[in-house]
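Chain by chain, the residues:
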Amino acid sequence: MENKDTIFLLKECDAGSKMAVSSIDEVLEDVRSNKLKQILSESKARHEKLGNEIHSMLSEYQSETKEPGTMAKSMSWMKTNMKMAMDKSDATVADLITDGCSPCHILPSHDI
């Protein structure tokens, strides 16, 4: 199949966008700063939109979507809950979100 790499990449992006939405949801209610809350809400909306676009592309290739790995979800949940239990601050939320984004190496700059 000549589109095998494309489908693989789309599936990985699909899992990544789902993981991003889940991670933002997990910390959003603990955010105190209105600016940070707005940035995270906008980021969540962009990831949801991207996920919808990816689903459409996978449908065109007649391929299924991909869920994030169980181990990755579990490790993320544990790390988030442990860090937030120790320090429920906006700095901790920002640290968790940027750690989750580090593989992409592209983060928007915002004044918080």
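Now for a look at the structure at hand. (Residues numbered from 1 in each chain as written. Predicted model: local features only at pLDDT ≥ 70, side-chain atom pairs only at ≥ 80, totals over all residues. Heavy atoms only, no water.)

1. Considering the overall build of the protein chain
Helices and strands together make up the secondary structure of the protein chain, namely four helices and zero strands. Along the protein chain, from the amino end to the carboxyl end, the secondary structure elements read α-α-α-α. In the protein chain, of all internal contacts separated by at least 6 residues, the share reaching a separation of at least 24 is 72%. For the protein chain, the accessible area works out to roughly 7800 Å², and carbon and sulfur atoms hold 55% of it. (Helix = DSSP H or I, 4+ residues; strand = E, 2+ residues; numbered from the N terminus. Contact = heavy atoms within 4.5 Å. Areas by Shrake-Rupley, 256 points an atom, 1.4 Å probe, with all protein chains shown as cover.)

2. Considerations on the environment of Glu-64
Residue position: Glu-64 is located in the loop between α2 (34-60) and α3 (70-86). Owing to a relative accessible area of 63%, Glu-64 belongs among the exposed residues under this scheme. For the pair formed by Glu-64 and Lys-11, sequence separation is 53 residues and the distance between their alpha carbons is 8.0 Å. Filtering out sequence-adjacent residues up to four positions away, Glu-64 remains in contact with Lys-11 and Leu-58. (Buried < 20%, exposed > 50% of the residue type's maximum accessible area, 1.4 Å probe, protein only.)

3. Looking at the packing of helix α1 (residues 4-28) against α3
At a minimum axis separation of 11 Å, α1 and α3 run at an interaxial angle of 25°. With respect to each other, α1 and α3 are oriented roughly parallel. Considering only the axes of α1 and α3, their crossing is right-handed. Only Ala-72, Lys-73, Ser-76, Trp-77, Thr-80 and Asn-81 of α3 make contact with α1, whose side of the interface consists of Met-19, Ser-23, Glu-26 and Val-27. The residue inventory of the contact of α1 with α3, partitioned by class, reads four nonpolar, four polar and two charged. (Axes fitted to C-alpha atoms, helices over the stretch in contact; angles between N-to-C directions. Parallel < 35°, antiparallel > 145°, perpendicular 65-115°, else oblique. Left-handed = near helix turned anticlockwise from the far one by under 90°. Nonpolar A, V, L, I, M, F, W, Y, C, P; charged D, E, K, R; others polar.)

4. Let's talk about the packing of α1 against α2
Remark: α1 packs on α2, axes separated minimally by 9 Å, with the N-to-C direction vectors making an angle of 155°. Accordingly, the angle class assigned to the pair α1 and α2 is roughly antiparallel. Once α1 is placed against α2, the crossing between them reads as left-handed. Contacts between α1 and α2 pair Ile-7, Leu-10, Lys-11, Cys-13, Asp-14, Ser-17, Lys-18, Ala-20, Val-21, Ile-24, Asp-25 and Leu-28 from the former with Lys-37, Leu-40, Ser-41, Ser-43, Lys-44, His-47, Glu-48, Gly-51, Ile-54, His-55, Met-57 and Leu-58 from the latter.

5. Considerations on a nonpolar patch on the surface
On the surface, a nonpolar cluster with roughly 600 Å² of combined accessible area is contributed by Met-71, Met-75, Trp-77, Met-78 and Met-82. We classify Met-82 as exposed; its relative accessible area is 56%. (Patch = residues over 30% accessible without salt bridge, like charges linked within 9 Å, V, L, I, M, F, W, Y side chains within 5 Å. Salt bridge = Lys/Arg side-chain N within 4 Å of Asp/Glu carboxyl O.)

6. Let's talk about the nonpolar core
Formed by Ile-24, Val-27, Leu-28, Val-31, Leu-36, Leu-40, Met-84, Val-93, Leu-96 and Ile-97, the largest nonpolar core amounts to 10 residues. Only α1, α2 and α4 (90-101) provide two or more residues apiece to this core. Contact partners of Leu-96, with chain neighbours within four places excluded, come to Val-27, Lys-79, Thr-80, Lys-83 and Met-84. (Core = buried A, V, L, I, M, F, W, Y, C linked by side-chain atoms within 4.5 Å.)

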